[in-house]
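Observations on chain architecture
What follows is the residue order along each chain.
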Amino acid sequence: MARPLRADIDLDALRHNYRLARELAPHSQAVAVLKADAYGHGLIACARALEGLAPAFAVACIEEAEALREGGITAPVVLLEGIFEASELERVEALGLWVAVHSDWQLDALLARRPARPTPVWLKVDSGMHRLGFPPERAEAAWRRLSEAPECVTDLHLMSHFATADAVDSAYFHRQSALLAELAERLGAPTCLANSPATLARAEAHGAWNRPGVMLYGSDPLEAANAASRRLRQVMTLHSEIIAVRDLEAGEPVGYGGRWTAPRPSRVGVVACGYGDGYDRHAVDGTPVLVDGRRAAIAGKVSMDMLIVDLTELPEADIGSEVVLWGRASNGEVLSVDEVARHCDTISYTLLTGVLPRVPRRYHGG
Ligand SMILES: *Cc1c(COP(=O)(O)O)cnc(C)c1O
């Protein structure tokens, strides 16, 4: 029998989550963000599942856009960071891509060409994230240059990114949002502002387009869940099995460095999944897993190909028992990737994008 570890991808859940993003923002279109191999879920399979539902897709770079075209995806694709060098513009045009423009050099390169057809452009303004984009006081001049070049530029939108849309404390979000509302009004600009948390919880940021990413995969990015985020369905189930069990006496250590020692006579199980598969080595003792759909806890350091769980409270568990590292167990019980991430001092994004190619993906539904 093959190693039991696999990532089951529920494409019906992906479509459900996309529909939820649309339902929450009925006056917006939603570009489905598929960067980083669709957050680890598989670029082409996810794009195909959303084709016909999502009018456009977003990726981080032209290589990802080319992979979509090679996979037969014909819908518009937005480059969220635009081009990285001017020579990409020829391929942008050939592939029919849309680009973000966040810097003077990108703007100059775009306007220096005599293209066969104009490129749809999202002008990125830095409204407070302080990562990419034109400072607000220079946005109007950039907007004017782009809008006065209809042979090079079409479908101009104002784009920005929120630093704190997920936070309970909304003061900084409101500063960014107010600045953008004023700017969009002054320019008469259609906007593209909302990421997943803003799509879920900040209706005032919904624009002509929204950019939901992680919510499509069923992770709740909000610091405090709301009624909308509770409707998300997790797309990936990271599934494995117990491959060995052993009984320990109180005081016996487990795994590298003996980080966990049995506090009482204990029974532990070895799971085929480790950091060599992308499971986070920062997982602390007590990080939850589901064994036959019931909660159990990691005991000891995660190793490359295996991790160990305490089965003392689950006497029926044995070799071959189903283990869900995150996602949905056979009995319907769900362990959210967000909860696992909290035990690893990280966020769902790194766990999902971190599942390595060694883990086979299996697609269902769609
Ligand atoms: C990744 C990304 C998104 C999606 O963010 P989520 O938090 O995953 O929804 C939106 N906009 C930009 C510019 C991004 O880079």
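Residues numbered from 1 in each chain as written. Predicted model: local features only at pLDDT ≥ 70, side-chain atom pairs only at ≥ 80, totals over all residues. Heavy atoms only, no water.

Comments concerning the overall build of the protein
- What the protein contains, in helices and strands, is 11 helices and 20 strands.
- Overall size of the protein, expressed as C-alpha extent along the three principal axes, is 75 × 45 × 35 Å.
- Residue pairs at least 24 apart in sequence account for 64% of intrachain contacts in the protein once pairs closer than 6 positions are excluded.
- Total accessible area computed for the protein in this model is approximately 15500 Å², and 51% of it derives from carbon and sulfur atoms.
- Of the charged side chains in the protein, 37 are positive and 48 negative; the average position of the first set lies 2 Å away from that of the second. (Helix = DSSP H or I, 4+ residues; strand = E, 2+ residues; numbered from the N terminus. Contact = heavy atoms within 4.5 Å. Areas by Shrake-Rupley, 256 points an atom, 1.4 Å probe, with all protein chains shown as cover. Lys, Arg positive; Asp, Glu negative; His and termini not counted. Charge placed at Lys NZ, Arg CZ, Asp CG, Glu CD.)

Points about the side chain of Arg6
- Assignment of secondary structure puts Arg6 in strand 1 (residues 6–10).
- Within the structure, Arg6 has its side chain in polar contact with the side chain of Asp8 (distance 2.9 Å).
- Setting aside chain neighbours within four positions, we find Arg6 in contact with Thr237, Leu238, His239, Val359, Pro360 and Arg362. (Polar contact = N/O pair within 3.5 Å; in protein donor to acceptor, adjacent residues only side chain to side chain.)

Thoughts on the site of the ligand
- Close to the ligand lie 13 residues, the nearest being Lys35, Tyr39, Ser196, Arg211 and Tyr349.
- Measuring from an oxygen atom of the ligand, one finds a side-chain N or O atom of Tyr39 at 2.6 Å.
- Within the contact set of the ligand, an oxygen atom lies 2.7 Å away from a side-chain nitrogen or oxygen of Tyr349.
- Notes on the ligand: free accessible area 390 Å², of which the protein chains cover 92%.
- Of the residues in the shell around the ligand, the class split is six nonpolar, four polar and three charged. (Near = heavy atom within 4 Å. Nonpolar A, V, L, I, M, F, W, Y, C, P; charged D, E, K, R; others polar.)

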